[in-house]
Amino acid sequence: MKKLFAVLVVSGLVFVACGPSAEEQAAEQQRIADSIAQVEEQQRIQDSLAAELAKAQEAQAVAEAAQAEAEENAATAVKQAAKATKKAATTVKKEAEATVEAATNATSAADRRAALKQAKQTN
């Protein structure tokens, strides 16, 4: 029994002696702390990138809205210009028709005077 007890004590001492030393435990704790710090730094970088991405997407949305508004304004301006051109063309056409009618009336009056003059001479 004494031998068995002695073997157990020696085995226990070997087991304790084979475990990590205080330096190894401190190194393991430092490795764990460094690993946690590295993960936290990566998370901070990811959060920063996500924030920048959100800002970029917002800026892109604003730019797209401004472009759509500019295109809408350009289309409205084209429509207004076309309407003004059509109105001006209609006005010019009416003025031309009035000029032709006035010229026709003037020619008819001149023809009538000439016919009356000729009729007087033949009488």
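For the structure itself, consult the block above.
Quantities reported herein were computed from a predicted structural model and do not represent experimental measurements.

Thresholds applied
- Residues numbered from 1 in each chain as written.
- Predicted model: local features only at pLDDT ≥ 70, side-chain atom pairs only at ≥ 80, totals over all residues.
- Heavy atoms only, no water.
- Helix = DSSP H or I, 4+ residues; strand = E, 2+ residues; numbered from the N terminus.
- Buried < 20%, exposed > 50% of the residue type's maximum accessible area, 1.4 Å probe, protein only.
- Areas by Shrake-Rupley, 256 points an atom, 1.4 Å probe, with all protein chains shown as cover.
- Salt bridge = Lys/Arg side-chain N within 4 Å of Asp/Glu carboxyl O.

### Focus on the overall build of the protein chain
- Looking only at helices and strands, the protein chain has 2 helices and 0 strands in total.
- The burial tally for the protein chain puts 0% of its 123 residues in the buried class.
- Surface accessibility of the protein chain: about 11100 Å² in total, with carbon and sulfur atoms responsible for 62%.

### Examining the pattern of salt bridges
- A full pass over the atoms with the stated rule returns 3 salt bridges.
- Linking Glu41 and Arg44 is a salt bridge whose minimum nitrogen-to-oxygen distance equals 2.5 Å. Of this pair, Glu41 and Arg44 are both found in helix H2 (residues 22-122), 3 residues apart, which corresponds to roughly one turn of the helix.
- The closest approach of N and O atoms between Lys55 and Glu52, which form a salt bridge, is 3.9 Å. One end of the pair, Lys55, and the other, Glu52, are both in helix H2, 3 residues apart, so they sit about a helical turn from each other.
- Lys55 gets classed as exposed once you look at its relative accessible area, which sits at 54%.

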